[in-house]
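Observations on the model geometry
Spelled out, the chains give:
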Amino acid sequence: MTTVTTRTVEYPADNLTMIGYLALPAGAERRPAVLIGPEGMGLSDVERRRAEALAELGYVALAFDLHGGRYLEDPEEMVARCMPLLADPDRMRGIGHAALNVLRAEPRADPDRTAAVGYGTGGAVALELGRDGVGLRAIGTVNALTTGRPGEAARIRCPVWAGVGSEDPIMPPAQREAFTAEMQAAGVDWRLVVYGGALHAFHHPPVDHAAPPGVGYHPRHAQRAWHDIVALLAECLPVTD
């Protein structure tokens, strides 16, 4: 294991002051960089640990914020905040661009070697960065099979990896089919992994507050999805590149 350093970073986005979490690998040289987007509840220790894990692997990692430093435990409040956001690609892009600008401005980050990984709403933000033509090396999402405005997926310039639980009621088969049809029609280099028996947010450890129906942790698939994301980064954004 290498020694990582971490700090919070404040930046404006979506008319809020966002509070992201930056993790830096040991050393002084520039490294490839990864954005990490959280589920709809917002930035939590789960994403902070993922940022630290990626820094251990040699990446500069920024877990970005969705709600101005808040974590939305109340499912109704979370839905009320996220549904309008998910319906507004320009707002999602604004949140993504603001975080990406912070990441690329970090002296340890190589601004020409970046990727975006996101879960749920954070994954939708990552996809909208791709649909906006941002020069990413890879996009990885879990529980984020969102479709965009017609034709804009053709602007995605990197491989897209997506993971979803087979029993996810929020991302049902019809949503999977719409997403894959969009990616295929746009000529994107895409992959979809369906994790058998898993519900929505299967990657997220149990929480000590109410969760929406259809959500459930699946520890084996959570580990597999993380390994798949790390493999995507190793393929498209190697630390030794």
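We now turn to the structure provided with this report. (Residues numbered from 1 in each chain as written. Predicted model: local features only at pLDDT ≥ 70, side-chain atom pairs only at ≥ 80, totals over all residues. Heavy atoms only, no water.)

1. With respect to the pattern of salt bridges
Heads up, the rule is: For this analysis, a salt bridge means a side-chain nitrogen from Lys or Arg found within 4 Å of a carboxyl oxygen belonging to Asp or Glu. Under the DSSP-based scheme used, a helix requires at least four consecutive residues in state H or I and a strand at least two consecutive residues in state E, with every element numbered from the N terminus. Exposed residues in this analysis have more than 50% of their type's maximum accessible area, buried residues have under 20%, and partly exposed residues fall in between, with area computed by a 1.4 Å probe over protein chains only.
For the structure shown, the criterion picks out 16 salt bridges. With its nearest N and O atoms 2.4 Å apart, the salt bridge here joins Glu29 to Arg31. Across the pair Arg93 and Glu152 runs a salt bridge, and its minimum N-O distance is 2.4 Å. Taken together, the residues span a long stretch of sequence, with Arg93 in helix H3 (residues 89-105) and Glu152 in the loop between strand E6 (139-142) and strand E7 (160-165) at a distance of 59 residues. The two residues Arg93 and Glu152 agree in class, both being buried. Through salt bridges with shared partners, one network takes in Asp90, Arg93, Glu128, Arg131, Asp132, Arg149, Glu152, Arg155 and Glu182.

2. Considerations on the environment of Glu182
Spelled out, the test is: We call two residues contacting when some pair of their heavy atoms lies within 4.5 Å.
If you trace the backbone, Glu182 turns up in helix H5 (residues 173-185). In this structure the C-alpha to C-alpha distance between Glu182 and Tyr21, which are 161 residues apart in sequence, comes to 32 Å. Non-local contacts of Glu182, meaning those with residues more than four positions away in its chain, are made with Arg131, Thr146, Thr147, Gly148 and Ala153.

3. Section: the side chain of His203
Here is the rule: Each polar contact in these results corresponds to two N or O atoms within 3.5 Å; when the atoms are within protein, one needs to be able to donate a hydrogen and the other to accept it, and residues that are neighboring in sequence are counted only if both atoms are side-chain atoms.
Following the sequence through the fold, His203 ends up in the loop between strand E8 (190-195) and helix H6 (219-236). Of note is the side chain of His203, whose polar atom sits 2.9 Å from the side chain of Arg50. When residues no more than four places from it in sequence are discounted, the contact partners of His203 are Glu39, Arg50, Tyr119, Val142, Asn143, Tyr217 and Ala222.

4. Brief notes about the sheet that holds strand E1 (residues 5-13)
For the record, the criterion: Paired strands, as defined in this entry, are two strands with at least two bridges between them according to DSSP. Axes here mean lines fitted to C-alpha atoms, for a helix over just the part in contact, with angles spanning 0 to 180 degrees between N-to-C directions.
Ordered in space as E1-E2-E4-E3-E5-E6-E7-E8, the 8 strands form an open sheet in which the pairing is mixed. Of all the strands in the sheet, just E1 and E8 have a single pairing partner and so form its edges. Neighbour to neighbour, the strand axes of the sheet diverge by 20 degrees on average, direction disregarded. Both strand E5 (residues 109-119) and E6 contribute to a ladder of 4 bridges, which runs parallel. What sits directly across from Val117, in E6, is Gly140. Here H3 sits on the sheet and contacts E1, strand E2 (16-24), strand E3 (31-37), strand E4 (60-63) and E5; the angle it forms with E1, its principal contact strand, is near 135 degrees.

5. So, the pairing of E4
Rules: Here a crossover is taken to be right-handed if, once the strands point away from the viewer, the path from the first strand over the helix to the second is traced clockwise.
Burial along E4 is two-sided: Val60 and Leu62 facing one way and Ala61 and Ala63 facing the other are all buried. One ladder, built from 3 bridges, connects E2 with E4; its direction is antiparallel. What sits directly across from Leu22, in E4, is Leu62. Inspection of the sheet shows E3 paired to E4 by 4 bridges, in the parallel sense. Residue pairing across strands places Leu35 opposite Leu62, the latter belonging to E4. Note that the unit made of E3, helix H1 (residues 45-56) and E4 has a crossover that is right-handed.

6. Some points on the packing of helix H2 (residues 75-86) against H3
Each packed pair of helices is defined by two parameters, the angle between the axes and the distance between the axes. For clarity, the cut-off: Orientation labels follow simple angle bins: below 35 degrees gives roughly parallel, above 145 gives roughly antiparallel, 65 to 115 gives roughly perpendicular, and whatever is left gives oblique. Three residue categories are used. Nonpolar comprises Ala, Val, Leu, Ile, Met, Phe, Trp, Tyr, Cys and Pro, charged comprises Asp, Glu, Lys and Arg, and polar comprises the others, including Gly.
It is at 6 Å that the axes of H2 and H3 come closest, and there the two elements cross at 100 degrees. By the criterion of interaxial angle, the relationship of H2 to H3 is roughly perpendicular. For the pair H2 and H3, contact is made by Arg81, Pro84, Leu85 and Leu86 and by Arg91, Met92 and Ile95, respectively. Here the residues of the contact of H2 with H3 sort into 5 nonpolar, no polar and 2 charged.

7. Observations concerning the packing of aromatic side chains
As a reminder of what qualifies: Between 30 and 60 degrees the pair is tilted, below 30 it is stacked and above 60 it is edge-to-face, where a pair is any two Phe, Tyr or Trp rings, Trp via its six-membered ring, whose centres lie within 6.5 Å. Our definition puts a charge over a ring when NZ of Lys or CZ of Arg is within 6 Å of the ring centre and also within 35 degrees of the ring normal.
As enumerated under the stated definition, the model contains 1 aromatic pair in all. Ring centres of Tyr195 and Phe202 lie 5.2 Å apart, and the angle between their planes is 45 degrees; this geometry places the pair in the tilted category. Comparing Tyr195 with Phe202 shows no difference in burial state: the two are buried. For Arg48, the ring lying beneath its charged end belongs to Tyr21, and the centroid distance is 6.0 Å. Lying across the ring of Tyr119, Arg50 places its NZ or CZ 4.0 Å from the centre.

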